[in-house]
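# What the coordinates show
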Amino acid sequence: METPGRIAATPDALDFTVENVEKALHQLYYDPNIENKNLAQKWLMQAQVSPQAWQFCWALLNPDKVPEIQYFGASALHTKISRYWSDIPTDQYESLKTQLFSQITCFSSGSKMVLTRLCVALASLALNTMPEAWPGAVAEMVRVFQEEGGGVDGRARCLALLELLTVLPEEFQTSRLPQYRKGQVRGALGREWGSVCPLLQQLLRRTDSPGAVKARVLRCLSSWVLLDVPLSESEGLVHDCFSALPDPELFDTAVEAIVNAISQPDSQRYVNTLLKLVPQVLALQEQLREAVQNGDMETCHGICRIAVTLGENHSRTLLEQVDHWQSFLALVNMIMFCTGIPGHYPVNETTSSLTLTFWYTLQDEIMSFESDKQAVYLQVYRPVYFQLVDVLLHKAQFPSDQEYASWSSDEKEQFRIYRVDISDTLMYVYEMLGAELLSNLYDKLGRLLTNAEQPTSWQHTEALLYGFQSIAETIDVNYSDVIPGLIGLIPRININNVQLADTVMFTIGALAEWLADHPVMLSSVLPLVLQALGNPDLSVSSVSTLKKICRECKYDLPPYATNIVAVSQVCVSTSSTSQCMWLMQALGFLLSALPVEDILRNLHSLITPYIQQLEKLADETPNPSNKLAIIHILGLLSNLFTTLDISKQDDESADGSAPPVKTAPPPPGPNPVVVVLQQVFALIQTVLSKWLNDSQVVEAVCAIFEKSVKTLLHEFAPMVSQLSEMLGQMYSTIPQASALDLTRQMVHIFASETDHFPPIKALFELVTSVTLSIFQQGPRDHPDIVDSFMQLQAQALKRKPDLFLSESLDVKAVFHCGVLSLKFPEAPTVKSTCLFFTELLPHCSDVPPLARVVQEDGKLLIQAVLEGIGGGASRSLMDQFAEVLFCLNKHCFSLLAVWLKEALQPPGFPSTRVTIEQKDNFSQQILRERVNKRRVKDIVKEFTLLCRGLHGTEYAAEY
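Since the model is a prediction, treat every value here as computed from it, not as a measurement.

## Focus on the overall build of the protein chain
When its secondary structure is counted, the protein chain shows 46 helices and zero strands. Projecting the C-alpha coordinates of the protein chain onto the three principal axes gives extents of approximately 105 × 90 × 65 Å. Here the protein chain holds 959 residues, and 53% of them are scored as buried. Across the protein chain, every contact between residues at least 6 apart in sequence was considered, and the portion connecting residues at least 24 apart equals 73%. Carbon together with sulfur atoms contributes 51% to the accessible area of the protein chain, which is approximately 41,900 Å² in total. Counting 73 positive and 106 negative side-chain charges, the protein chain places the centres of these two groups 5 Å from one another.

## Points about the packing of aromatic side chains
Following the criterion strictly, the structure yields 24 aromatic pairs and no others. When the ring of Tyr-29 is compared with that of Tyr-30, the centres are 6.3 Å apart and the planes differ by 55°; the resulting orientation is tilted. What makes Tyr-29 partly exposed here is its relative accessible area of 38%. Its relative accessible area of 53% is what places Tyr-30 among the exposed residues. Chaining the aromatic ring pairs together yields one cluster made of Tyr-345, Phe-398, Tyr-404, Trp-407, Phe-415, Tyr-418 and Trp-458. Between Arg-289 and the ring centre of Phe-337, over which it is positioned, the NZ or CZ distance is 5.2 Å.

## Side note on the UniProt feature "domain: Importin N-terminal" (unreviewed entry) in the protein chain
Look at the UniProt record and you will see "domain: Importin N-terminal" (unreviewed entry) annotated at residues 40–106. From the first C-alpha to the last, residues 40–106 spans 29 Å; its make-up is 73% helix and 0% strand.

## A few points about the domain arrangement of the protein chain
Along its sequence, the protein chain is organised into domain 1 (13–87), domain 2 (610–646 + 671–809) and domain 3 (853–958). Between the C-alpha centres of domain 1 and domain 2 there is a distance of 65 Å.

## Overview of the nonpolar core
Formed by 340 residues in total, the largest nonpolar core has its most connected members in Tyr-381, Phe-705 and Phe-716. Ignoring sequence-local partners within four residues, the contact set of Phe-705 consists of Leu-677, Phe-681, Ile-684, Phe-716, Met-719, Leu-723, Met-726 and Leu-742.

## Observations regarding the environment of Ser-82
Within the fold, Ser-82 resides in helix H5 (residues 67–83). As for Ser-82 and Glu-171, which are separated by 89 residues in sequence, their C-alpha atoms are 9.5 Å apart. A distance of 2.8 Å separates the side chain of Ser-82 from the backbone oxygen of His-78, its partner in a polar contact.

## Points about helix H14 (residues 271–282)
For H14, with 12 residues, the first-to-last C-alpha span of 17 Å sits near the 16 Å given by 1.5 Å per residue. Among all positions in H14, only Thr-273, Leu-274, Leu-275, Leu-277, Val-278, Gln-280, Val-281 and Leu-282 are buried. The inward-facing, buried residues of H14 contact helix H12 (231–244), helix H13 (251–262), helix H15 (285–293), helix H16 (297–320) and helix H17 (325–339).

## Digging into the side chain of Thr-425
Here Thr-425 is to be found in helix H21 (residues 409–433). Of the residues examined, Thr-425 reaches a relative accessible area of 2% and is grouped as buried. Ignoring anything within four residues of it in the chain, the contact list for Thr-425 reads Leu-356, Tyr-360 and Leu-392.

## Re the packing of helix H23 (residues 458–472) against helix H25 (residues 498–510)
In contact at an axis separation of 9 Å, H23 and H25 are set at 25° when each is read in the N-to-C sense. Accordingly, the angle class assigned to the pair H23 and H25 is roughly parallel. The two elements H23 and H25 cross, and the hand of that crossing is left-handed. On H25, the residues that touch Trp-458, Thr-461, Glu-462, Leu-465, Tyr-466, Phe-468, Gln-469 and Ala-472 of H23 are Gln-499, Leu-500, Thr-503, Val-504, Phe-506, Thr-507 and Ala-510. Its residues assigned to classes, the contact of H23 with H25 comprises nine nonpolar, five polar and one charged.

## Considerations on unusual backbone geometry
In the segment running from Met-130 into Pro-131, the intervening peptide bond is cis, with an omega of -5°. In this structure, Pro-910 follows Phe-909 across a cis peptide bond, with omega equal to 0°. Tracing the backbone through its elements, the reader meets Pro-910 in the loop between helix H43 (893–903) and helix H44 (916–928). One non-glycine residue, Asp-228, lies in positive phi territory at about 60°. Along the polypeptide, Asp-228 turns up in the loop between helix H11 (211–225) and H12.

## Remarks on the confidence of the model for the protein chain
Of the residues in the protein chain, 95% have a pLDDT of 70 or more, and the chain-wide mean is 90. H17 holds the highest mean pLDDT among the elements of the protein chain, 97, whereas helix H1 (residues 4–9) holds the lowest, 40. When the criterion is pLDDT under 50, residues 649–657 qualifies, and its contacts beyond four places in sequence or with other chains add up to 20 contacts.

## Some thoughts on helix H38 (residues 783–799)
Across its 17 residues, H38 extends 24 Å between first and last C-alpha, which sits within 8% of the 24 Å expected from 1.5 Å per residue. Within H38, 14 of the 17 residues are buried, which leaves the element mostly enclosed by the surrounding structure.

## A look at the state of the cysteines
Per the stated rule, a full pass over the model turns up zero disulfides. Cys-158 supplies the cysteine sulfur nearest to Cys-220, a cysteine that is in no disulfide, at a spacing of 10 Å. On the basis of relative accessibility, which here comes to 0%, the residue Cys-220 falls in the buried class. Take Cys-892: it sits in no disulfide, and the sulfur closest to it among the cysteines is that of Cys-844, at 4.2 Å.

## With respect to the pattern of salt bridges
This structure, assessed with the given rule, holds 38 salt bridges. Between Glu-365 and Arg-316 there is a salt bridge, with its nearest N and O atoms 3.1 Å apart. One end of the pair, Glu-365, is in helix H18 (residues 356–368); the other, Arg-316, is in helix H16, and 49 residues separate them in sequence. Take Arg-316: its relative accessible area is 28%, and that puts it in the partly exposed class. Of the charged contacts in the structure, one is a salt bridge between Arg-601 and Asp-598, with a shortest N-O distance of 2.9 Å. Residue Arg-601 and its partner Asp-598 are both found in helix H31 (residues 596–619); the two are separated by three residues, about one turn of the helix. Under the relative-accessibility criterion, Asp-598 is labelled partly exposed at 23%.

## Focus: the side chain of Arg-157
Tracing the backbone shows Arg-157 in helix H9 (residues 154–174). Residue Arg-157 is classed as buried on the basis of its relative accessible area, which comes to 6%. From its side chain, Arg-157 meets the backbone oxygen of Phe-145 in a polar contact 3.0 Å long.

## Things to note about the environment of Phe-589
Relative to the elements of secondary structure, Phe-589 occurs in helix H30 (residues 577–592). Overall, the relative accessible area of 15% leaves Phe-589 in the buried class. Along the sequence, Phe-589 and Thr-577 sit 12 residues apart, while their C-alpha atoms lie 19 Å from each other. Sequence-distant contacts of Phe-589, defined by excluding residues within four places in its chain, comprise Lys-547, Cys-550, Arg-551, Lys-554 and Thr-643.

## A closer look at the packing of helix H32 (residues 624–643) against helix H33 (residues 672–691)
In the contact formed by H32 and H33, the axes pass within 13 Å of each other and the chain directions differ by 155°. Judged on the interaxial angle alone, H33 and H32 are roughly antiparallel. Crossing angle aside, the handedness with which H32 passes H33 is left-handed. Contact residues: H32 offers Asn-626, Lys-627, Ile-630 and Phe-641, while H33 offers Val-673, Val-676, Leu-677, Val-687 and Trp-691.

What counts, and where the lines are drawn
Residues numbered from 1 in each chain as written. Predicted model: local features only at pLDDT ≥ 70, side-chain atom pairs only at ≥ 80, totals over all residues. Heavy atoms only, no water. Helix = DSSP H or I, 4+ residues; strand = E, 2+ residues; numbered from the N terminus. Buried < 20%, exposed > 50% of the residue type's maximum accessible area, 1.4 Å probe, protein only. Contact = heavy atoms within 4.5 Å. Areas by Shrake-Rupley, 256 points an atom, 1.4 Å probe, with all protein chains shown as cover. Lys, Arg positive; Asp, Glu negative; His and termini not counted. Charge placed at Lys NZ, Arg CZ, Asp CG, Glu CD. Phe/Tyr/Trp six-rings, centres within 6.5 Å; stacked < 30°, edge-to-face > 60°. Lys NZ or Arg CZ within 6 Å of the ring centre and 35° of its normal. UniProt positions renumbered as here; feature names shortened; annotations may be inferred. Domains from an automatic or database assignment. Core = buried A, V, L, I, M, F, W, Y, C linked by side-chain atoms within 4.5 Å. Polar contact = N/O pair within 3.5 Å; in protein donor to acceptor, adjacent residues only side chain to side chain. Expected span 1.5 Å × (residues − 1). Axes fitted to C-alpha atoms, helices over the stretch in contact; angles between N-to-C directions. Parallel < 35°, antiparallel > 145°, perpendicular 65-115°, else oblique. Left-handed = near helix turned anticlockwise from the far one by under 90°. Nonpolar A, V, L, I, M, F, W, Y, C, P; charged D, E, K, R; others polar. pLDDT = per-residue confidence, 0-100. Disulfide = S-S within 2.5 Å. Salt bridge = Lys/Arg side-chain N within 4 Å of Asp/Glu carboxyl O.

This is the structure we're talking about:
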């Protein structure tokens, strides 16, 4: 044998010998060449599943072999038994079982990893033979290993038996048994618990049992309870697990066993057992306190897991035992202690985060009782939840500046996420505590800020504000009578720290809607926001807050506008790109509420420096750095025009079939945005002429107009003609998807207007003609253009189907492009194309050119759709294909019947896996459904699974 790699290329049966396997294993473990290792691994995998594995696996288990070789032998045995069980003759079951017992006995004092693999192999054999061929399998395992003999000491035999009993349920959980067998075997294993339980109890309770044996017993229990062993039957053992907790060597495995036992879904049926567990958990409090004092995070974590598991899984059951309400309340208080465990998360403790979901669960259970019962529980638990708020806000406090500076970036990020979890919990708790919670927080903050005698830490103030912010961000606090007081307190805060300043900003931002209803309070907080804008460390929070205030309060901001614009101009020049864009959006909102002449004056001072910069850049030779500067300036203008809207409007109609509607007429005179765009239009054309090859610059130019069109709607009208002309020139020179998207927007808003129809029609025909020539040259390199083109055609059909009456438009070619686009591998492109066809087909009755092309070439469409369903397209697209079929059935029924019959006739189409009968059945089902679109989608999904050979598989279940 030269190398296992060579053998792998020609896997002759004779190659899989003991000697060759050993050489291949040596190569896998010790050859420094990674390619040789990979070849060896591939060869060994073939060896493992070969018929020769039955011969070499026993030989590899010889005592004189090294553990790595023995391990491979044991693994090969497991592979053969678990995956190729049907190859084993029935009359060999007994000898195979005997051999495995013998090998496990031999290895009970040998290599642990080999022993485990052998146990897994025997477990697999047991699962395949129980209960018929091997009744009482577990009882026999126990008996065999309890018998003396074989020259193996009792402790080693005992550990081997425990390993076997532990892996048996684990192997069941991962086995590939058919579903009906799984049910049979689970039942058989449940009956075998009677043989396992006494053994485990006996070993755990014997004072002379070694620690290693007790640890294995606990692992074994953990494994068996996952089979839903009734909690009443494992009660004694669970009690023994509690007794094992003081032993540091057994602590982790005992915790795992207890947690697994009490979190089984079935365990809530055993109310008496659960009630007995509560005092046992409460008895751990002393051990918990000691662990806290000693800084023993592992013990804290383990005990907390037990308490939380009992509380979280059984809140309702324990709440309903009203005679035991005090012991459950004591458990709740124990969990509260875990929530408030001393130290900062995640550096000094990692326990408190485990408890947060418990508080959600308990609240849900209390609030789900009928009102009379709920009132009784609230009397007990409302004070508990107020205490929880105090505890959570204490845990949310930042450490000292010095300590925080010593934390790693990973620890800081974990702490940030932890605070978000606390914020979510506070928001949830508000549903139970209501307005009283805000009053409570306000009183605490007031006392903190007005108590001159007692100096306060910024951390304490920040945490209380954070509590306010958490609630105000998502809950309507407009009714609250404490907000005016809070706004009054904010200026009294001594802001001497970035974290505190950030929270002050975010709190003001969260109250923006309230400020819109109480504009008199703006003067208290706006100066703070503008001051923060000047601090680069606060740019995220201050810009976000200013944007919210400008959006919500714009009609009350004119007195502050000059100041806001001046401060923002300075900030735009120093902030990061995303903050600059947000600031421009904020200024757009702000300017919208000013008189037109003020808007124009502010726009002039705001954007003139950028226009001058752009003029300078437009003269330069294109290079990467001036490209970034150009895109940045165009982005600033886009974001400004996104929000600068001087009239009010309704949102877009639900189906997007009509443009949004302005609810009030715009002020007289030209729109300020149009004025600016007309002034810079020539400059933008100059920029384009230099950068037409660069898709990112073209995209940035198109974005300015697209955002403006979306915001201004019909007020953009004065620009339609010149923009249409520019778009046509751009697209004719170098076609780009962003130009098509902007054309789509123009069609959406202006195609139905008589005055603007001619330029829109000319633009639509031009971009269609240019795109058709791309299809002739080969469109595969331009999936983005094809995608945008199909969306444009769909929009035109929706808004102005008359565009397809033009003699200048090659409707047949557009249809053929659609059929071709259905075969693209990119899912978004296919989705857009399906949308095009679902818009086109209903117009067969009212647009003669469309009717003609569908009649002549509809069969091509059906063939492309069937090809996609048959396996040519991603399964995620089946709903879209179903919609095309549904439309065809609705609008071209008689033609569809003929096309389906003809298209499905060729053998092997759309898949070799479907029979003629299955194709006929699919065709009949589709033709029957002309009303129920959901049913058509189900029929298509069923048929695509048949075509792909996935029907009845686990993939189908996920589908």
